[in-house]
Amino acid sequence: MNTDNRKSNKLLSAMGGISDDLVLSAAQEKEIILRTRKPRWAAVLVTAVLALIFAVGAAAAGGHIPVLSDLFAPAFYYGEEGGGPDIELLEKVGQPIGVSVEEQGVTVTVRSILRDRHTLTLVLSVQKQGIEREEFLFDWNRLVINDSRVLEGGSGGIGYGVRGDDTIDYTITWREQEPIPDGKMELILENLTVKPYAMFGLLGEKHINDTWNLEFEAYTEDLSWEIPAGQHTTMDGAEAVLDEIILSPLSLTVKYTAERELGFLEGYEHPDFTITLKDGTRLFNNLWYREKENPEEYGSGDTESISGAMLDSEPEGDHYRHFYTVNFSRLVPLEDVVSLVIEGQEIPLE
């Protein structure tokens, strides 16, 4: 089997529910069709589509036939399978993976990756007989990139969808101050706790002490915009300067300097921002607070929240440098962004 066929095999493994026979059947047709396709991972989709066509005839009545967007949807707030983000944009910022490992009856599959300059998200599936939603947690995670860069302690979360086949979607997101490279990667997951929220372990908490190692390569584009910064504003009563603003389809990163440390202990959460899109949709952070204070304005269907954020700070002379990055709850085409407001400051996009 040639390289493209092996990539197609991984793509279908990542999508799940496709037999080896279907992979091989589709691979026989791929070479002719791909002569007119671009040499990117999306070209491998042709094989996947052929396999899915075969699978439709073989699928059990009422069964779900996976589609490509299902590989990425757990990283966003899309409710239904098949209702995931735009494929053309995903072709640039994401990549299917399809690598699995099994230890002690627990199979972990890296289904896909999403990456920009300061964030990286892996979409996984975890399969174990009898597992149920929100009943497990890995004690630790580590991602080694190109044998040198190490990301540790990414935030993990259970996917919103319940498959009903002893498989649960699981995402891990790392947010880093320094740019995140692509290339050769190794994911290490340590020790699985089943029912981690059981009180004092009295309700059947179980520990599976082992390590899951998965190696793969990933190459994605960084579509980040560096937006003109230098604006002065006030955050939680402190004078602040916006030093760097980076916007991508996946996230917003703001680096700023303030006269004192701003953090959770002081009752300050995140710098407020509002992103408005062409269709009128507005993306906010702290949306739960805004809805509570003004439900008529912020509780409507044209507002969306974020899927996760990180705020860090460190002293620099008599000031504090802050780093804030937030992942969006949807994929945001940058050409659809019409305005960005941070702490009441209208930020020019050009």
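In this text, all values refer to a predicted model and were calculated from it rather than measured experimentally.

(A) Seen up close, the confidence of the model for the chain. The predicted model of the chain averages 76 in pLDDT, with 65% of residues at 70 or higher. Looking at the elements of the chain, mean pLDDT is at its lowest for helix α2 (residues 20–33), recorded as 36, and at its highest for strand β5 (residues 149–152), recorded as 96. Counted against residues more than four places away or in other chains, residues 17–40, with its pLDDT under 50, gives 36 contacts. Within the model, the stretch residues 43–62 combines pLDDT values under 50 with 39 contacts to residues more than four positions away or in other chains.

(B) Looking closely at unusual backbone geometry. Even without glycine at this site, Asn 146 takes up a positive phi of about 55 degrees. Inspection of the secondary structure puts Asn 146 in the loop between β4 (136–145) and β5. A positive phi angle, near 65 degrees, is found at Asp 147, a position not held by glycine. Relative to the elements of secondary structure, Asp 147 occurs in the loop between β4 and β5.

(C) Just the environment of Asp 86, in detail. Counting through the fold element by element, Asp 86 comes out in the loop between α3 (45–58) and α4 (87–93). Given a relative accessible area of 45%, Asp 86 falls into the partly exposed group. Spatially, the C-alpha atoms of Asp 86 and Val 332 are 9.4 Å apart, while their sequence positions differ by 246 residues.

(D) The arrangement of the nonpolar core in detail. In this structure, Leu 122, Leu 143, Leu 187, Trp 212 and Phe 216 are the most contacted members of the largest nonpolar core, which totals 32 residues. When neighbours within four sequence positions are excluded, Leu 187 is seen to be in contact with Val 110, Leu 122, Leu 124, Arg 142, Leu 143, Trp 174, Trp 212, Asn 213, Leu 214 and Phe 216. Listed in part, the 27 residues of the second largest apolar core include Leu 247, Leu 262, Leu 340 and Ile 347.

(E) Just the sheet that holds β4, in detail. In space, the four strands of this open sheet follow the order β5-β4-β8-β9, with antiparallel pairing throughout. In this open sheet, the two strands that pair with only one neighbour each are β5 and β9 (206–218). Ignoring which end each strand starts from, the neighbouring axes of this sheet average 15 degrees apart. Bridging between β4 and strand β8 (residues 183–194) involves nine bridges; their strand directions are antiparallel. Pairing of Leu 137 across the sheet is with Thr 193, part of β8.

(F) Geometry of the environment of Thr 325. Tracing the backbone shows Thr 325 in strand β18 (residues 319–328). Exposure remark for Thr 325: the relative accessible area of 0% places this residue in the buried category. Residues Thr 325 and Val 254 lie 71 residues apart in sequence; the distance between their C-alpha atoms is 6.3 Å. Apart from residues lying up to four places away in sequence, Thr 325 is in contact with Thr 119, Arg 175, Ser 251, Leu 252, Thr 253, Gly 308, Ala 309 and Met 310. There is a polar contact of 3.5 Å between the side chain of Thr 325 and the backbone oxygen of Leu 252.

What counts, and where the lines are drawn
- Residues numbered from 1 in each chain as written.
- Predicted model: local features only at pLDDT ≥ 70, side-chain atom pairs only at ≥ 80, totals over all residues.
- Heavy atoms only, no water.
- pLDDT = per-residue confidence, 0-100.
- Helix = DSSP H or I, 4+ residues; strand = E, 2+ residues; numbered from the N terminus.
- Contact = heavy atoms within 4.5 Å.
- Buried < 20%, exposed > 50% of the residue type's maximum accessible area, 1.4 Å probe, protein only.
- Core = buried A, V, L, I, M, F, W, Y, C linked by side-chain atoms within 4.5 Å.
- Pairing = 2+ DSSP bridges.
- Axes fitted to C-alpha atoms, helices over the stretch in contact; angles between N-to-C directions.
- Polar contact = N/O pair within 3.5 Å; in protein donor to acceptor, adjacent residues only side chain to side chain.

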